[in-house]
Amino acid sequence: MTPYARRGVHGQTVEALARRVLSGRIPEGATLDLVALQGELGVSLTALRESLKVLAAKGMVDARQKRGTFVRPRADWNLLDADVLRWQFAGSTDTVADLALLRNLSEVRGIIEPAAVRLAAERRGDADVQALEDALAAMAVEGGGQADHAVEADLAFHRALLNATHNELLERMEMVIESGLAHRDRIVHSSPHGEDPVPSHRAVLDAVRAGDGDAAERAMRALLDQAGRDLDKVHATAQESTYTEGDETK
């Protein structure tokens, strides 16, 4: 599954609408004023309706005769959809809500990835091990201090792990995991407070290469624990900075 295109007027309109709904700016149950939205977004009514079809497919909006187009209850939204996750992170201005979503995704990863890496240790082929080695090698390169380089290397590693399970459904979970992982990585790798990720990832790779499912699972749990610590450190530092700035303005 490929994430929804972000470019062009259509993609921009979809994202603008999605962020308004996800942020609560257009609340659950609200009926959309299409004429007003058309003017605000500067698009044709046809383009607006086509964009709303994308959100309807993700369970976020619906249309009924006499009622028009309205926002469905959050319980109906496909929150595990990669686009929905990405839109939530991209449009978030609430640090508390952002952290809560990241922690929810961390719990999902804690359920999926330790079991997946055990399968990867049992089923990996030479190509799978090589993909993991390439991703780890890229992770070890500084990349000019750019967070984007570190993010892509980490995503490649975890993608390779899921692919090594040779389970089609687990492989598709990359779209869910990567949305949250990319956001967490950008936060952590843009801060000097995170731990070096290479040793924990190398431990996972070594166990998978050796075909040791128990060791692979332990290594993955240790990796996820480190990821949680890194996020907590960055969040705590950000809070301290906010308090300090507040004190200085008094």
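Shown above is the structure to which this text applies.
Residues numbered from 1 in each chain as written. Predicted model: local features only at pLDDT ≥ 70, side-chain atom pairs only at ≥ 80, totals over all residues. Heavy atoms only, no water.

### Some thoughts on the overall build of the protein
Thought 1: Of regular secondary structure, the protein possesses eleven helices and two strands.
Thought 2: Tracing the protein from N to C terminus, the helices and strands come up as α-α-α-β-β-α-α-α-α-α-α-α-α.
Thought 3: Across the 250 residues that make up the protein, the buried fraction comes to 42%.
Thought 4: Across the protein, contacts joining residues at least 24 apart in sequence account for 68% of those joining residues at least 6 apart.
Thought 5: Surface accessibility of the protein: about 13300 Å² in total, with carbon and sulfur atoms responsible for 51%. (Helix = DSSP H or I, 4+ residues; strand = E, 2+ residues; numbered from the N terminus. Buried < 20%, exposed > 50% of the residue type's maximum accessible area, 1.4 Å probe, protein only. Contact = heavy atoms within 4.5 Å. Areas by Shrake-Rupley, 256 points an atom, 1.4 Å probe, with all protein chains shown as cover.)

### With respect to the nonpolar core
Thought 1: Core analysis: the biggest nonpolar cluster contains 22 residues, and Val117, Leu132, Phe157, Leu161, Val204, Val208 and Met220 have the highest contact counts within it.
Thought 2: The dominant element in this core, judged by the number of residues it contributes, is helix 11 (residues 213-248), at six residues.
Thought 3: In this view, Val208 contacts Val117, Ala120, Ala121, Arg124, Leu132, Leu161 and Ala216; residues no more than four positions away in its chain are not counted.
Thought 4: In this structure, Val21, Ile26, Val54 and Val84 belong to the second largest nonpolar core, which totals 20 residues. (Core = buried A, V, L, I, M, F, W, Y, C linked by side-chain atoms within 4.5 Å.)

### Quick notes on the packing of helix 7 (residues 147-163) against helix 10 (residues 198-210)
Thought 1: With their axes 12 Å apart at the nearest point, helix 7 and helix 10 run at an angle of 25° to one another. With respect to their mutual orientation, helix 7 and helix 10 come out roughly parallel. For the pair helix 7 and helix 10, the crossing hand works out as left-handed. On helix 10, the residues touching Asp154, Phe157, His158 and Leu161 of helix 7 are His201, Val204, Leu205 and Val208.
Thought 2: Here the contact of helix 7 with helix 10 is built from residues that sort into five nonpolar, two polar and one charged. (Axes fitted to C-alpha atoms, helices over the stretch in contact; angles between N-to-C directions. Parallel < 35°, antiparallel > 145°, perpendicular 65-115°, else oblique. Left-handed = near helix turned anticlockwise from the far one by under 90°. Nonpolar A, V, L, I, M, F, W, Y, C, P; charged D, E, K, R; others polar.)

### A few points about unusual backbone geometry
Thought 1: For Lys66, which is not glycine, the phi torsion reads 75° and is therefore positive.
Thought 2: Its place among the elements puts Lys66 in the loop between strand 1 (61-64) and strand 2 (68-71).
Thought 3: We note that His166 has phi near 55°; this positive angle belongs to a residue other than glycine.
Thought 4: What makes His166 partly exposed here is its relative accessible area of 47%.

### Brief notes about the packing of helix 1 (residues 8-23) against helix 3 (residues 45-57)
Thought 1: Remark: helix 1 packs on helix 3, axes separated minimally by 9 Å, with the N-to-C direction vectors making an angle of 60°. The orientation of helix 1 with respect to helix 3, classified from their angle, is oblique. Pair helix 1 / helix 3 crosses with right-handed handedness. Contact with helix 1, carried on its side by His10, Thr13, Val14, Leu17 and Ala18, involves Ala47, Leu48, Glu50, Ser51, Leu52, Val54 and Leu55 of helix 3 and no other residues of that element.
Thought 2: In terms of residue class, the contact of helix 1 with helix 3 is made up of eight nonpolar, three polar and one charged.

### Section: the side chain of Ser51
Thought 1: By secondary structure assignment, the location of Ser51 is in helix 3.
Thought 2: The class of Ser51 is buried, set by a relative accessible area of 0%.
Thought 3: Not counting residues up to four positions away in its chain, the partners in contact with Ser51 are His10, Thr13, Val14 and Leu17.

### What about helix 10?
Thought 1: Relative to the 18 Å expected for 13 residues at 1.5 Å per residue, helix 10 spans 18 Å between its end C-alpha atoms, a close match to the ideal helical length.
Thought 2: Regarding helix 10, the residues found buried are Val198, Ser200, His201, Val204, Leu205, Ala207 and Val208.
Thought 3: Gly211 sits one or two positions beyond helix 10 and adopts a positive phi of about 70°. (Expected span 1.5 Å × (residues − 1).)

### Description of the pairing of strand 2
Thought 1: Relative to strand 2, strand 1 runs antiparallel, the two being bridged by four bridges. Note that in strand 2 the partner of Val61 across the bridge is Val71. (Pairing = 2+ DSSP bridges.)

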